[in-house]
Amino acid sequence: MSDTSSSASGSDCTETRTALTEAEVEALVKGICFKTGPPRTVGVEVEWIVQELRGPRLPVTPERLAAAYEALRTVPLSSALTVEPGGQLELSSPPAASLMECVRTVSADLDAVRTVLREAGLVLAGLGTDPWHQPRRFLHEPRYDAMEAYLDRTGPAGRAMMCTSASVQVCLDAGHEEPGPLGHGRRWWLAHTLGPVLVAAFANSPLLGSAPTGWRSTRQLLWMEIGAGRAGAPALDQEPRAAWAQHVLDAPVMCVRRDAGPWDVPEDLTFREWTRSGTPTRADLDYHVSTLFPPVRPRGHLELRMIDAQPGEDGWIVPLAVTTALFDDPEAAESAYRAVKPLAERSRSLPAPHNPLWSEAARAGLADPELRETAVACFTTALEALPRIGATTEVTDAVAAYLERYVRKGRSPADDQLDRLCGTDGRTHGKDIRT
C-alpha cells in the first residue's frame, strides 16, 4: 500500500518491449485494480512541507534540503521515505494489520525523521498548501520535467500541486467481492460520496502565495483545475472494474519514457489510441496508471487522496482513524452509507471531483450546513466504532476533541489559518476572508 502519487517513478523503461493490445490493457487493469477479500489491512501516506525551524516564511535552500535528505537515507525506517518534486517529504507505511499498528509504525518513523531534520534546522509542517512560497522544483529528473511540461498546458495549478501541496492519503483494502457494507462496490461508492465530507472536515489549505484564495481546501481546487482526464474519477453508475478500465484507456498519456534524453510529452493521445497506433508495454501501462490522480485511486487497494495534510505532529492520525473506522467496521460502514446518501444528488451524477458537491466542499468546507450535519454524524459514528477496531483511548480522545473543536462548529484547520492571518493583517483585502 505504499505506492505514491507524483513520486511514483514507474518501471525501468529498458524492459523487453512486448506491446499490449487494447483488450489486454482492459483485462490487466480489471485484474489488478480491485484485489477483493475481507478488509484486513490499512496504510497511510503522510506528506509534509519542510520548513525552516527559525520561521516558516524563510526559504529553505535546495542545498540544505539535499543534505537533510542525504542524512535521512541512513535512518532505518519501516515506512518508505520519498521526496515529492518540490521537496515535500512523504512517508508511506507498509500494510498494517490494524489501525493501531499503522499508527505506531508511522509515529515511530516520524520521530526518527524529525530528530534528523531538527539537527539540520528544519521542521515538518502539516499544511495542505505552502502558504508562503512560490512553486519551486527540487527534483530535476526526466519524469518531472515531462510532468511539468504536460501540466503547464492547463495553467499554473499543476506546478502548485507538484511543488507546494501535501496530503494525508488513507489506504484501505478494496473489500469483499460480494455486496454488502464491506463489499468492494459499496466501498468504492462510499469513498467517492464520503470524500467531500473528508475534504470539508479536514480542509487545511486556504492560502497560496501569501494570500487567501477563497477556498478552504485550495489543494483540492488545484486538483480540480488540473482537469478530469488527469485528476478525475470515472462515473459511479458502472461496475467499478469496468469503469476504471475504461477510464485508464481513455485518459491522456502524460509522457512516453525514453532510455536516454528527455521524455516525450504527446498532445491529445489517450492510452487507447496509443495501443492502436503504437507499442505500449506493460511497464508503460503501469507508469500511465501512476500518472492518474483521481480522488480515489484503485491500486488493488483503495487509495483515498482527498485529505489535506493536517497540523500538529499527530494531526494525521485523526483522518486515518475516522476513515478506517467508517470503512472497516461493518456497523459504522452501514451508518456512514446512510448518512452520506442524501449528498449524492448534489453531485448531479457528474464524476468526482468535478461536480457541485466536491466543489462546494473545497470552497466552503463545513460552513455548508448539509456537509456539517453529515460530518457530525460520520464523526459520531466513527467514535462509536473506534473501540471495536482496537483504537486506544488516546486516539478516540483525539477524534472526540476534533469533533468538538472543529466539526460541530462548522470549522476546520483552514479557519485557524485564516484567523491567524486576520489577527496579523486585519481586514485582508478589505473583506471577510472566510467567505
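Look a little higher up for the structure.
Thresholds, definitions, all that
- Residues numbered from 1 in each chain as written.
- Predicted model: local features only at pLDDT ≥ 70, side-chain atom pairs only at ≥ 80, totals over all residues.
- Heavy atoms only, no water.
- Core = buried A, V, L, I, M, F, W, Y, C linked by side-chain atoms within 4.5 Å.
- Buried < 20%, exposed > 50% of the residue type's maximum accessible area, 1.4 Å probe, protein only.
- Helix = DSSP H or I, 4+ residues; strand = E, 2+ residues; numbered from the N terminus.
- Contact = heavy atoms within 4.5 Å.
- Salt bridge = Lys/Arg side-chain N within 4 Å of Asp/Glu carboxyl O.
- Polar contact = N/O pair within 3.5 Å; in protein donor to acceptor, adjacent residues only side chain to side chain.
- 1 Å grid on protein atoms, 1.4 Å probe; cavity = no way out; pocket = protein on both sides within 12 Å on 5 of 7 lines; lining within 4 Å.
- Points joined across faces, edges and corners; volume = space filled by probe spheres on them.
- Nonpolar A, V, L, I, M, F, W, Y, C, P; charged D, E, K, R; others polar.
- Phe/Tyr/Trp six-rings, centres within 6.5 Å; stacked < 30°, edge-to-face > 60°.

Ranked by internal contacts, the top residues of the largest apolar core, which has 124 residues, are Leu 89, Leu 194, Trp 316, Leu 320 and Phe 379. Of the residues forming this core, the biggest block, ten residues, is contributed by helix H6 (residues 184–201). Once residues within four sequence positions are removed from consideration, Phe 379 is found in contact with Ala 201, Phe 202, Val 318, Val 322, Val 399, Tyr 402, Leu 403 and Val 407. Ile 49, Ala 125, Leu 127 and Ala 309 belong to the second largest nonpolar core, which has five residues in total.

This brings us to the pattern of salt bridges. When charged atoms on two side chains of opposite charge get close, those side chains can pair. Using the criterion set out here, one finds 32 salt bridges in the structure. Note that Glu 303 and Arg 297 form a salt bridge whose closest N and O atoms lie 2.9 Å from each other. Judged by relative accessible area, which is 0%, Glu 303 ranks as buried. Close ionic contact of Asp 419 with Arg 411 constitutes a salt bridge, the shortest N to O distance being 2.9 Å. Taken together, the salt bridges that share partners define one network made up of Arg 137, Asp 145, Glu 148, Asp 152 and Arg 159.

What follows deals with the side chain of Asp 308. With respect to the helices, strands and loops of the structure, Asp 308 is situated in strand E9 (residues 301–308). Within the structure, the side chain of Asp 308 is placed 3.2 Å from the side chain of Ser 217, a separation counted as a polar contact. Setting aside residues no more than four positions away along its own chain, Asp 308 makes contact with Gly 128, Ala 166, Ser 167, Val 168, Phe 202, Ala 203, Asn 204, Ser 205, Arg 216, Ser 217 and Arg 219.

Going through the model one piece at a time under the given rule, you end up with three cavities of 30 Å³ or more. Looking at the second largest cavity, its volume works out to about 50 Å³. Considering the residues around the second largest cavity, the lining is formed by Arg 219, Gln 220, Trp 223, Ala 231, Phe 293, Pro 294, Pro 295, Arg 305 and Pro 353. Per-element tally for the lining of the second largest cavity: the top contributor is helix H7 (residues 218–226), with three residues. In terms of residue class, the lining of the second largest cavity is made up of six nonpolar, one polar and two charged.

Here we come to the side chain of Arg 219. Structurally, Arg 219 can be placed in helix H7. Here Arg 219 is in contact with Gly 128, Thr 129, Ser 165, Ala 166, Ser 167, Ser 205, Arg 305, Met 306, Ile 307 and Asp 308, once residues within four sequence places are set aside.

In this structure the tally under the stated criterion is ten aromatic pairs. Aromatic pair Trp 263 and Tyr 287: ring centres 5.8 Å apart, planes at 85°, arrangement edge-to-face. One end of the pair, Trp 263, is in the loop between helix H9 (240–250) and helix H10 (271–277); the other, Tyr 287, is in helix H11 (residues 282–290), with 24 residues separating them in the sequence. In this pair, the class of Trp 263 matches that of Tyr 287, namely buried. Arranged with centres 5.4 Å apart and planes meeting at 75°, the rings of Phe 271 and Trp 274 form a pair that is edge-to-face. On the criterion of helical spacing, the pair formed by Phe 271 and Trp 274 is a turn pair, its members being three residues apart in helix H10.

Here the largest pocket is characterised by a volume of approximately 350 Å³. Lining the largest pocket are 18 residues, and of these Leu 127, Pro 131, Trp 132, Gln 417 and Arg 420 lie nearest its centre. With six residues, the single largest contributor to the lining of the largest pocket is helix H17 (residues 413–425). Looking at side-chain class alone, the lining of the largest pocket contains ten nonpolar, five polar and three charged residues.

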